[in-house]
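These are the residues of each chain, in order.
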Amino acid sequence: MNTLRKGEYFGETNQMVNLDGLTITDTEYTYPYVDWHYHENAYFTFLLQGNMTEGNRKETYGCSAGTLLYHHWEDPHYNIKPDVFTRGFHIEITQDWFDRFDIQKNKTEGSFNIKKPTLKFLIYQLFKETKLNDSSFELTANQLLLHLFSQLAHDRGNKERKPVWVGQINEILHENATENLTLTGIAETLNIHPVHLSRDFHKYFHCNLGEYLRKLKVNKSIKLLNTPCSLTDIALECGFADQSHFIRCFKENIGITPLKYRNLLKKH
């Protein structure tokens, strides 16, 4: 089985940033099939453009633009890429980095698909920072990653203690974020009281229901920014009232406007 060393990926790397304990790469995937392999370090893969299939010993993921995967160190997987332009953003993390910040890697073992929009936004922000070339980039990168690992450990540690409706509502919101959802309608589907849902939603999602829906809409919009669609069409497709509302929500969550983000994607 192939072992990939620091900064090595199957493709053409357009950008590589080396920090103390971190290697960040922007890579175009050029291989239609990559056999079972693993990387010597833990890392995140964020799919910027295109799509691919990734499989590990437990699951197979259909990945499109906006997919965020985490791989534990030396965790075997394989990849299949269709004949389309596909580009990935990677954050590779050495054992020294985990030790320096006293993070136990065994709390994030295995490979998994991260769907929580607030965690994805941290990676979007990190991608944005690599293109801005700011002198405080290393400080920002460490801060964003520490926040990300803190949330991952918290979410995975509390997974068994969450009530059933938490997983159910998460699926409903992901599948219907652009629809005209109501509190009473969701509560009726889940067979719980609207007051109970309203009171406890923040406990598990760390924001209110409306804020979470807006985050899901922004997350969907980022996939469409890879296409020639106008901002007006993207706003309507993602369920925003109009383009102004879309721009405002996008900037609130990502820190820049949709147009600026689209331009960053062009900087290979």
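Before reading further, recall that the structure is shown in the block above.
Residues numbered from 1 in each chain as written. Predicted model: local features only at pLDDT ≥ 70, side-chain atom pairs only at ≥ 80, totals over all residues. Heavy atoms only, no water.

Draft legend 1. View of the packing of helix 5 (residues 183–190) against helix 6 (residues 194–205). Close contact between helix 5 and helix 6 brings their axes to 9 Å; oriented N to C, the two are set at 100 degrees. Between helix 5 and helix 6, the angle is such that the two are roughly perpendicular. On the side of helix 5, the interface is formed by Leu183, Thr184, Ile186, Ala187 and Leu190, while helix 6 contributes Pro194, Leu197 and Ser198. Of the residues in the contact of helix 5 with helix 6, the class split is six nonpolar, two polar and no charged. (Axes fitted to C-alpha atoms, helices over the stretch in contact; angles between N-to-C directions. Helix = DSSP H or I, 4+ residues; strand = E, 2+ residues; numbered from the N terminus. Parallel < 35°, antiparallel > 145°, perpendicular 65-115°, else oblique. Contact = heavy atoms within 4.5 Å. Nonpolar A, V, L, I, M, F, W, Y, C, P; charged D, E, K, R; others polar.)

Draft legend 2. Fine view of the nonpolar core. Residues Phe44, Phe89, Ile91, Phe149, Ile254 and Tyr261 are the most contacted members of the largest nonpolar core, which totals 55 residues. Counting residues in each nonpolar core, the second largest holds 19 residues, with Trp165, Leu190, Ile192 and Phe205 among its members. (Core = buried A, V, L, I, M, F, W, Y, C linked by side-chain atoms within 4.5 Å. Buried < 20%, exposed > 50% of the residue type's maximum accessible area, 1.4 Å probe, protein only.)

Draft legend 3. Examining helix 2 (residues 117–132) more closely. Across its 16 residues, helix 2 extends 23 Å between first and last C-alpha, which sits within 8% of the 22 Å expected from 1.5 Å per residue. Of all the 16 residues making up helix 2, 13 are buried; the element is thus mostly covered by neighbouring parts of the structure. One or two positions beyond helix 2, positive phi appears at Asn133, with a value near 55 degrees. (Expected span 1.5 Å × (residues − 1).)

Draft legend 4. Local environment of the pattern of salt bridges. All told, the structure shown has five salt bridges when counted by the stated rule. Taking the shortest distance from any N to any O, the salt bridge between Asp26 and Arg87 comes out at 2.7 Å. Here the residue Asp26 occupies a position in strand 3 (residues 22–29), and Arg87 occupies one in strand 10 (residues 86–93), the gap between them amounting to 61 residues. When its relative accessible area of 0% is taken as the criterion, Asp26 is described as buried. The exposure class of Arg87 is buried, given its relative accessible area of 0%. In this structure, Lys131 and Asp26 form a salt bridge, with 2.9 Å as the shortest nitrogen-oxygen distance. In this pair, Lys131 sits in helix 2 while Asp26 sits in strand 3, placing the two residues 105 residues apart along the sequence. Neither Lys131 nor Asp26 differs from the other in exposure class; each is buried. (Salt bridge = Lys/Arg side-chain N within 4 Å of Asp/Glu carboxyl O.)

Draft legend 5. Expanded view of the pairing of strand 3. With respect to burial, strand 3 is a largely interior element, seven of its eight residues being buried. Note: strand 2 (residues 11–19) against strand 3, eight bridges, orientation antiparallel. Across the sheet, residue Gly11 finds its bridge partner in strand 3, namely Tyr29. Here strand 2 folds back onto strand 3, and the loop between the two strands holds two residues, one of which, Gly21, carries a positive phi near 90 degrees. (Pairing = 2+ DSSP bridges.)

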